[in-house]
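Residue strings, one per chain:
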Amino acid sequence: MSIKQIQMVDTKTQYLKIKSEVDLAISRVIESSQFIQGPIVHEFEANVSDYLKCRQAIGCASGTDALQIAMMALDIQPGDEIITTPFTFVATTETIALLGAKPVYVDIDPKTFNIDVIKIEEKITSKTKAIMPVHLYGQPADMSKILDIAKAYKLFVIEDAAQAMGAEYKGQKICTMGDIGCISFYPSKNLGAFGDGGMLSTNDEELGSKIRMITSHGSKTKYYHEILGVNSRLDSIQAAILNVKLKHLDEYCDARLAAAEKYNDRFDGIFDVPFIIPGVKHIFHQYSIRVKNRDRMQEFLRTKGIPSMIYYPVPLHLQKAYKYDYNEGDYPVTEEIAKDIISLPMHTELTDEQIEYISEKVIEFNNK
Ligand SMILES: *Cc1c(COP(=O)(O)O)cnc(C)c1O
């Protein structure tokens, strides 16, 4: 094994294993010339709704768009408040801000890195319209409690499942518990396209038709625009690729889980290994641990040919663009974790040898 081969994600090797099938699917779309709204898009949408066991799945152009469209479909207005986590990718907050609503953050649970459900109620005001949990790193947020709170206060629940396609909460696929689920097919996500792509899922037929209209300029019939919409569609080539990869998704999730278990075995007693809520299927979009001297560890690993990433170095309430009236110290758990979290290489193609080598170097630095 050459250490140079270790990658944060290895979508190339994954592709080579299903190359003939994927290439055929792409060439079929090219032959058909139906690049937008081709039949393969609807076939893929039907396959996703079967996979998730939800009534409707509607393709769109990205996970970020899915979040924005979800809020548009639920009539989120300027001044409304959306409860979410400050420890996530910027898209969650960005789309709330784009609609003129305000992200109201709730600190995270230090064990799961997801929104701390105990602290949600204290943030609810008369302006609160929805809770937007993020299933970070592939682990479902504590959905039972979130749904209970939403019901009690009559709030919508929008699941940001960009990192968790395939994860389960108490036997149910995530993305099917809230009002709307939002999925990203960004290439490095667990179900990754060869470009941008996204999807919304819902069990509410009426909401599903509204979402479909919004993705297509607010119209059902071409050139008749009933509501405000956007141009956000999953294109046929991406749908064709994803339709092939969907058949392998469970296998991909299992490969990530197996890799995580191997890291766990090596790190047992040395680091706090990722905590998994009993009854959930964590699909390890990322394998993240807290370490001392994080930045120096990252540099040390780099010199050993091991890539790593910091998801996320700056909490959203401290980002210049989204500061609102938030200050440093407002979300202490998030702020502390942002300083010592590190994500190690995690993908479907990691070999035992690579995991052993990575673990050995992480432990070696820790023992210095
Ligand atoms: C990737 C991601 C998004 C955005 O998805 P894109 O397809 O890149 O637009 C949103 N939320 C989270 C938590 C993500 O990880």
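Residues numbered from 1 in each chain as written. Predicted model: local features only at pLDDT ≥ 70, side-chain atom pairs only at ≥ 80, totals over all residues. Heavy atoms only, no water.

Focus: the overall build of the protein chain
- Helix and strand counts for the protein chain come out as 12 helices and 14 strands.
- Against the compact-globule benchmark of 21 Å for 368 residues, the protein chain has a radius of gyration of 21 Å, which places it among compact chains.
- Projected onto the principal axes, the alpha-carbon positions of the protein chain cover approximately 65 × 55 × 35 Å.
- The buried share of the protein chain, reckoned over its 368 residues, is 56%.
- Across the protein chain, every contact between residues at least 6 apart in sequence was considered, and the portion connecting residues at least 24 apart equals 71%.
- Looking at the protein chain as shown, the accessible area adds up to about 16,100 Å², and 51% of this sits on carbon and sulfur atoms.
- Computed over 41 positive and 50 negative side-chain charges, the separation of the two mean positions in the protein chain equals 2 Å. (Helix = DSSP H or I, 4+ residues; strand = E, 2+ residues; numbered from the N terminus. Rg over C-alpha atoms; globule rule 2.2 N^0.38 Å. Buried < 20%, exposed > 50% of the residue type's maximum accessible area, 1.4 Å probe, protein only. Contact = heavy atoms within 4.5 Å. Areas by Shrake-Rupley, 256 points an atom, 1.4 Å probe, with all protein chains shown as cover. Lys, Arg positive; Asp, Glu negative; His and termini not counted. Charge placed at Lys NZ, Arg CZ, Asp CG, Glu CD.)

Looking at a nonpolar patch on the surface
- Taken together, the side chains of Ile30, Phe35 and Ile36 present a nonpolar region at the surface, about 280 Å² in accessible area.
- Mapped onto the fold, Phe35 is located in the loop between helix H2 (19-32) and helix H3 (39-52).
- Its relative accessible area of 37% is what places Phe35 among the partly exposed residues. (Patch = residues over 30% accessible without salt bridge, like charges linked within 9 Å, V, L, I, M, F, W, Y side chains within 5 Å. Salt bridge = Lys/Arg side-chain N within 4 Å of Asp/Glu carboxyl O.)

A closer look at the layout of surface pockets
- In this structure, the largest pocket encloses a volume near 500 Å³.
- Forming the boundary of the largest pocket are 25 residues, of which Phe89, Tyr186, Ser188, Lys189 and Tyr312 lie nearest the centre.
- Put simply, the parts of the chain that give the lining of the largest pocket at least two residues each are helix H4 (63-73) and helix H5 (91-98).
- The dominant element in the lining of the largest pocket, judged by the number of residues it contributes, is H4, at three residues.
- Considering only residue class, the lining of the largest pocket consists of 12 nonpolar, 10 polar and three charged.
- Counting contributing residues, the lining of the largest pocket receives three or more from each of domain 1 (3-7 + 249-366) and domain 2 (11-246).
- Approximately 380 Å³ is the volume found for the second largest pocket.
- Along the wall of the second largest pocket there are 19 residues; nearest its centre are Gln37, Ser216, Ser219, Lys220 and Arg233.
- The set of elements that each furnish at least two residues to the lining of the second largest pocket consists of H3, strand S1 (56-60), helix H7 (205-215) and strand S10 (219-221).
- With four residues, H7 is the single largest residue contributor to the lining of the second largest pocket. (1 Å grid on protein atoms, 1.4 Å probe; cavity = no way out; pocket = protein on both sides within 12 Å on 5 of 7 lines; lining within 4 Å. Points joined across faces, edges and corners; volume = space filled by probe spheres on them. Nonpolar A, V, L, I, M, F, W, Y, C, P; charged D, E, K, R; others polar. Domains from an automatic or database assignment.)

Brief notes about the domain arrangement of the protein chain
- Entries for the protein chain in the domain assignment read domain 1 (3-7 + 249-366) and domain 2 (11-246).
- For domain 1 and domain 2, the distance between their C-alpha centroids amounts to 24 Å.
- With 36 residues of domain 1 at the contact, the number on the domain 2 side is 48 residues.
- Here domain 1 meets domain 2 over a buried area of about 3,800 Å², counting both sides, of which 60% is carbon and sulfur. (Buried area = accessible area lost by both parts, 1.4 Å probe.)

Concerning empty space enclosed by the protein
- The final tally for this structure, using the stated rule, is two cavities of 30 Å³ or more.
- When its volume is computed, the largest cavity comes out at roughly 80 Å³.
- Lining the largest cavity we find 13 residues, and of these Thr11, Gln14, Pro187, Lys189 and Arg256 sit closest to its centre.
- Its residues assigned to classes, the lining of the largest cavity comprises two nonpolar, seven polar and four charged.
- Here the lining of the largest cavity spans two domains, and each of domain 1 (3-7 + 249-366) and domain 2 (11-246) adds at least three residues to it.
- In this structure, the second largest cavity occupies an estimated 60 Å³ of space.
- Taken together, Lys111, Thr112, Phe113, Leu136, Tyr137, Gln139, Pro274, Phe275, His282, Gln286 and Ser288 make up the lining of the second largest cavity.
- For the lining of the second largest cavity, the per-class residue count stands at five nonpolar, five polar and one charged.

As for the site of the ligand
- As a structural note, the neighbourhood of the ligand is formed by 14 residues, with Gly63, Thr64, Asp160, Ser184 and Lys189 the closest of them.
- Take Gly63: an N or O atom from its main chain is 2.8 Å from an oxygen atom of the ligand.
- In the environment of the ligand, an oxygen atom lies 2.6 Å from a nitrogen or oxygen atom belonging to the side chain of Ser184.
- When the ligand sits alone it has 380 Å² of accessible area, and the protein chains cover 93% of it.
- Judged by the proximity of its atoms to the pocket grid, the ligand belongs to the largest pocket.
- Residue composition of the shell around the ligand, by class: five nonpolar, seven polar and two charged. (Near = heavy atom within 4 Å. Polar contact = N/O pair within 3.5 Å; in protein donor to acceptor, adjacent residues only side chain to side chain. Sits in = over half its atoms within 2 Å of the grid points.)

Observations regarding the packing of aromatic side chains
- Under the defined criterion, the tally for this structure stands at 16 aromatic pairs.
- Summarising the aromatic geometry, the rings of Tyr263 and Phe267 are spaced 5.9 Å apart at their centres and angled 10 degrees between planes, so their arrangement reads as stacked. A residue pair is termed a helical-turn pair when its members lie 3 or 4 positions apart in one helix, as Tyr263 and Phe267 do in helix H9 (residues 249-267) at four residues. For the residue pair Tyr263 and Phe267, the accessibility class agrees, reading buried in each case.
- Seen from their ring centres, Phe267 and Tyr287 are 6.3 Å apart, and the 40 degrees between their planes marks the pair as tilted. Residue Phe267 is found in helix H9, and its partner Tyr287 is found in strand S13 (residues 287-290); the two are separated by 20 residues along the sequence. Neither residue differs from the other here; Phe267 and Tyr287 are each classed as buried.
- Each member of the aromatic cluster is reached from another via a ring pair, and the members are Tyr263, Phe267, Phe271, Phe284 and Tyr287.
- The cationic tip of Lys111 hangs over the ring face of Phe275; the distance from NZ or CZ to the ring centre is 4.5 Å.
- Its guanidinium or amino end placed over the ring of Tyr51, Lys173 lies 4.7 Å from that ring's centre, counting from NZ or CZ. (Phe/Tyr/Trp six-rings, centres within 6.5 Å; stacked < 30°, edge-to-face > 60°. Lys NZ or Arg CZ within 6 Å of the ring centre and 35° of its normal.)

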